[in-house]
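Remarks on the overall topology
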Amino acid sequence: MAVPGLDTAAGFLARHYGLTGDLTELAGENTNYRLFMPGGRRFVLKFAATHDAASVDREFQLIERAHAAGLGIGLPRFVTTITGHATAALTSESGSARGRLLEYVPGTTWGETGLRSRGLFRDLGRVLGGLDRALSAVPADGPLRTHAWDLTRAGQHRGKIRFVSDRHQRQLLEWTFLQHAGVVPLLDALPHSFIHGDANDENLLIEGGRVSGLIDFGDALWNPTVSELAVALAYAMLDEPDPLASGAEVVAGYHAERPLSLDELRVLTPLVLGRLSVTVATAAHRRTIDPTRAAWFVTEDRAWRLIEMLRATDPAGMAARLAAGTGLDPAAGRGASVASLLERRRRSIGPSLSIAYQDPLKIVRGRGQFLFDDGGRAFLDLVNNVCHVGHCHPRVVAAAAAQLATLNTNTRYLHDNLVEYAERLAATLPDPLEVCFFVNSGTEANELALRLAMAHTGRRDVLVVDGAYHGHTAHLIAASPYKFMGPGGSGAAEPWVRVVPAPDGYRGRHRGHDRETGVAYGDAIRDAIAASGRPVAAFLTESLLSCAGQIVPPPGYLETAFRHARAAGAVTIVDEVQVGFGRVGTDFWGFETQGVVPDIVVMGKPIGNGHPMGAVVTTREIAESFANGMEFFSTFGGNPVSCAVGLAVLDVIRDEGLQAHALEVGARFRDGLTELMSRHAIVGDVRGAGLFIGVELVGDRQTREPATREADELVNRLRHRGLLLSTDGPYHNVLKIKPPMVITAEDADMVVRVLDEELGGLRRAG
Ligand code: PMP
């Protein structure tokens, strides 16, 4: 909006309000004017962009509501125009705007008094609790606005971290923004209302040690109601020697007027951190625009000091201290300590199961793309492709809970869920893939797929790809070079298993990403069959290779491989356990990126968003070969609860547009990672499709010597920066990125920024 000059503003006042007097500009975020009338009456004149007219009407409505609630404090009041309207249009050479005149609320601002006392803090909470109770009566009809200080969208400022010159401060800010981002998926479920949204030290008036007034409803907006308290805390705790003790007074006062829920208390600290983050990130950005504009920087240093102090306590501890006066304990349910759990786990769980990270994590909660540890710290999950549509997605949880409370039985009764799910799943696949079998894991699905192939061909031998993992049963360990060639493995393939090279265009025997390379790798299937001289039942492969090192096969690979396999009478099985369900972005299934149709498709992991499920889909012909009289039955496979979950997952992928999202965010993510190659020689290759990404670290780009130790160090460093990922590939030097599909562009940008820093800080292998 173009800011009208003093003369224009004076003309506007005279024309619409019949007022003339001493008009001056007020300092602050927005351009406002103060009007002194002879005789002592004072007013504030404000303008808003015409497109924001609805917000001005809303401001009027909210102020009227607050007056009606009798809060016992001074509040602004709209002065009506000569024609009896709350606002008037301004049209000048510099554009049009909507103006409004408010009665000046006398008093001293909190900032001017500098007063800090327990009584005042409690009173502040009380006033805001009363206000929010009053405003909750205003329904959310009509357009709802957002603006730069909207606390639910603090993440939009994350990119400004780059304007912060101090490295330590940048790291701190990545962490605070991450804590905020972690609770965003939780906010929708909290009570919402209009809030004042800016109870800061310039908008609160103080008299006699109490709050005497609240001004400037210009930033009011629809938000989780608890945002009101979070904003107030971000100011109340500034400069306090024990900020959490002072904050607890505000919370107690608020709670007495508008009781807070445990869920609200849990998000409070991350929201406070979010507000402080926006303050300092905005200031850093604004300094690049005009470093002399003092009003932009009044809170900056104080906010930094507060962020530093708060960093010393974990979020759950902060929440507990802030809630001290409410009688609620948001940190309850932490359970046993990490040390004691580790000790007990060692005694009760088989030692062949490893634990991630040198400094193990105790994860107690998950939502969206975030996991939370026992200290309430948010971690961005970059590796759990199981929780495909986001951890604990409310629609999936609700579908499971509703069906679990209704019926859970086996597939020998008729049930709508089973048939509906089978139809829906088959509809995602090309013809002739149409017949489904349901089991409980990826392993079981691969086992069944091999049985189908053996029944159909009457043969037993299987071709598998080097580096592949397909499951943990005796049969599948033998078909998983990742295991039998790895630690503790036999070191050699059993006679019925033949290993073909991984189609790795970066470090494999054929290099490149063109069709010629794909065909060369595909021809290896022909050669392997010829070399053994034994009939082959199946060629089993992932469509994009995960354990083998996040490999995207070159074009033409599967087409060639399938042609040779089929020519030799084998069936083709594609394991989509890792990459299926839209992850690759361009297609719903990984094999579609290669333009082929397999005979059998194996599904797992994302299929149930964490609920144990697996499925095999094949052709009618193969399914009929399998029906030789021996019944196939899985007690839990395809039960009504699993099918309800599976249906909900398909619904969410469709309704939230997650495949297109994976394509868009994945491309941006890879672009950012690829850009890192220009600064970090250790990044040898960045590859992937959609949200299935690999970053290969090498000691030397020429020799491609794997930087295994550095990759491990990096993963551990990132864990301390709040990013969870792991390594894979035969040398464990490939960063494996396959996050829940709801990860945002802001998250991806953050990962790139943090990686940029941490790659720079890696110690070189000695
Ligand atoms: N296939 C692939 C490609 C896998 O990555 C895995 C598990 N990592 C499996 C099959 C086995 O699945 P599950 O652990 O559910 O048995």
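Please refer to the structure placed before this passage.
Residues numbered from 1 in each chain as written. Predicted model: local features only at pLDDT ≥ 70, side-chain atom pairs only at ≥ 80, totals over all residues. Heavy atoms only, no water.

Looking only at helices and strands, the protein has 23 helices and 27 strands in total. The dimensions of the protein, computed from C-alpha atoms along their principal axes, are 110 × 65 × 60 Å. Burial status across the protein gives 55% buried among its 766 residues. Summarising the internal contacts of the protein: among those between residues at least 6 apart in sequence, 73% fall at separations of at least 24. When the accessible surface of the protein is split by element, carbon and sulfur atoms take 52% of a total near 30,700 Å². (Helix = DSSP H or I, 4+ residues; strand = E, 2+ residues; numbered from the N terminus. Buried < 20%, exposed > 50% of the residue type's maximum accessible area, 1.4 Å probe, protein only. Contact = heavy atoms within 4.5 Å. Areas by Shrake-Rupley, 256 points an atom, 1.4 Å probe, with all protein chains shown as cover.)

The strand order across the open sheet built from three strands is β7-β9-β10, with neighbouring strands paired in antiparallel fashion. Two strands in the sheet have a free side with no partner beyond their single neighbour: β7 (108-109) and β10 (210-214). Of the pairings in the sheet, the one linking strand β9 (residues 204-207) to β10 comprises four bridges and is antiparallel in character. In the strand pairing of β10, L205 is matched with G213. Set on the sheet, helix α4 (residues 118-135) makes contact with β9 and β10; between it and β10 the angle comes to about 40 degrees. (Pairing = 2+ DSSP bridges. Axes fitted to C-alpha atoms, helices over the stretch in contact; angles between N-to-C directions.)

One way to put it is that helix α21 (residues 658-676) packs onto helix α23 (residues 745-760) with a least axis distance of 9 Å and a crossing angle of 15 degrees. When the interaxial angle is binned, α21 and α23 end up roughly parallel. Pair α21 / α23 crosses with right-handed handedness. Every residue of α23 that contacts α21 at V665, R668, F669, G672, L673 and L676 is listed here: A745, A748, D749, V751, V752, L755, D756 and L759. (Parallel < 35°, antiparallel > 145°, perpendicular 65-115°, else oblique. Left-handed = near helix turned anticlockwise from the far one by under 90°.)

This paragraph deals with the packing of helix α13 (residues 416-427) against helix α20 (residues 640-655). Packing of α13 against α20 leaves a shortest axis separation of 9 Å and a crossing angle of 35 degrees. Crossing of α13 against α20: the hand is left-handed. Facing N417, L418, E420, Y421, R424 and L425 of α13, the residues of α20 in contact are P640, C643, A644, G646, L647, L650, D651 and R654.

For the rest of this paragraph, the subject is the site of the ligand. Contacts to the ligand come from S441, G442, T443, N446, Y469, H470, E542, D575, V577, Q578 and K605. Interatomic distance of 2.4 Å between a side-chain N/O atom of T443 and an oxygen atom of the ligand. Within the side chain of Q578, an N or O atom sits 2.7 Å from an oxygen atom of the ligand. Expressed as a share of its isolated accessible area of 390 Å², the protein-covered part of the ligand is 84%. Looking at the shell around the ligand element by element, the count peaks at three residues for helix α14 (residues 442-457). Here the shell around the ligand is composed, by residue class, of two nonpolar, six polar and three charged. (Near = heavy atom within 4 Å. Polar contact = N/O pair within 3.5 Å; in protein donor to acceptor, adjacent residues only side chain to side chain. Nonpolar A, V, L, I, M, F, W, Y, C, P; charged D, E, K, R; others polar.)

Moving on: the side chain of T618. In this structure, T618 sits in strand β21 (residues 614-619). Not counting the four nearest positions on each side in its chain, T618 is found in contact with P432, L433, E434, V435, F437, L452, D599, I600 and A623.

With that out of the way, let us pick up the environment of Q358. Mapping Q358 onto the fold places it in the loop between α11 (338-348) and β12 (363-367). For Q358, a relative accessible area of 63% corresponds to the exposed category. The spatial distance from the C-alpha of Q358 to the C-alpha of S96 is 61 Å, given a sequence separation of 262 residues. Not counting the four nearest positions on each side in its chain, Q358 is found in contact with D712 and N716.

For the bond from D431 to P432, the omega torsion is 0 degrees, close enough to zero to count as cis. Inspection of the secondary structure puts P432 in the loop between α13 and β15 (433-439). Phi is positive for K605, close to 20 degrees, though the residue is something other than glycine. With respect to the helices and strands, the residue K605 is situated in the loop between β20 (600-603) and β21. On the basis of relative accessibility, which here comes to 34%, the residue K605 falls in the partly exposed class. Even without being glycine, N609 reaches a positive phi, approximately 55 degrees. According to the relative accessible area criterion, N609 is buried, its value standing at 7%.

Okay, the pairing of strand β2 (residues 32-36) next. Sheet analysis places strand β1 (residues 22-26) next to β2, joined by five bridges and oriented antiparallel. Bridge assignment links T24 to a residue of β2, and that residue is R34. Connecting the antiparallel pair β2 and strand β3 (residues 42-49) is a turn made up of five residues, with G39 showing a positive phi of about 95 degrees.

Okay, the side chain of E300 next. Tracing the backbone shows E300 in helix α9 (residues 300-311). Here the side chain of E300 touches R287 through a polar contact of 2.5 Å, side chain to side chain. Here E300 is in contact with V280, A283, A284 and R287, once residues within four sequence places are set aside.

Regular strands show a simple pattern: their side chains alternate between the two faces of the sheet. Pairing analysis gives two bridges linking β7 to β9, with the strands arranged antiparallel. Across the sheet, T109 pairs through a bridge with L205, a residue of β9. In this structure, the hairpin formed by β9 and β10 is closed by a connection of two residues, where G208 is found at a positive phi of approximately 60 degrees.

Bringing the pattern of salt bridges into the picture now. Pairing between side chains of opposite charge can happen when their charged atoms approach one another. Going through the model one piece at a time under the given rule, you end up with 49 salt bridges. A salt bridge links D201 to R302, with the shortest nitrogen-to-oxygen separation between them at 3.4 Å. Linking D201 in the loop between β8 (192-195) and β9 with R302 in helix α9, this pair joins segments that are 101 residues apart in sequence. Assessed through its relative accessible area of 10%, D201 is described here as buried. Judged by its relative accessible area of 18%, R302 is buried. Across the pair E696 and R687 runs a salt bridge, and its minimum N-O distance is 2.7 Å. Taking the relative accessible area as the measure of exposure, R687 reaches 10% and is therefore buried. Overlapping salt bridges, with partners in common, bring together R170, R709, E713, R717, R721, E757 and E758 in one network. (Salt bridge = Lys/Arg side-chain N within 4 Å of Asp/Glu carboxyl O.)

Here we take up α4. Spacing of three or four residues puts side chains on the same side of an α-helix, whose turn is 3.6 residues. Helix length check: α4, at 18 residues, gives a terminal C-alpha distance of 26 Å against a target of 26 Å (1.5 Å per residue), a fit within 8%. Counting buried positions along α4 gives 13 out of 18 residues, so the element sits mostly inside the fold. (Expected span 1.5 Å × (residues − 1).)

Further remarks concern the sheet that holds strand β19 (residues 571-575). Pairing is mixed across the open sheet formed by seven strands, whose spatial order is β15-β21-β20-β19-β18-β16-β17. Two strands lie at the open edges of the sheet, namely β15 and β17 (497-500), each paired on one side alone. Shown here is a sheet whose adjacent strand axes are inclined to one another by a mean of 20 degrees, direction ignored. Here strand β18 (residues 536-542) pairs with β19 via five bridges, running parallel. Looking at β19, one finds that E542 is bridged to D575. With respect to the sheet, α13 is in contact with β15, β20 and β21, its orientation differing from that of β15 by roughly 130 degrees. Running over the sheet, α14 touches β15, β16 (461-465), β18, β19, β20 and β21 and is turned about 165 degrees from β20.

Tallied over the full model, the rule gives 16 aromatic pairs. Relative to F47, the ring of Y33 has its centre 6.2 Å away and its plane inclined at 80 degrees; by these criteria the two rings are edge-to-face. Of this pair, Y33 sits in strand β2 while F47 is found in strand β3, placing the two residues 14 residues apart along the sequence. Aromatic pair Y421 and F438: ring centres 5.2 Å apart, planes at 25 degrees, arrangement stacked. Of the two residues, Y421 sits in helix α13 while F438 sits in strand β15, which places them 17 residues apart along the sequence. (Phe/Tyr/Trp six-rings, centres within 6.5 Å; stacked < 30°, edge-to-face > 60°.)

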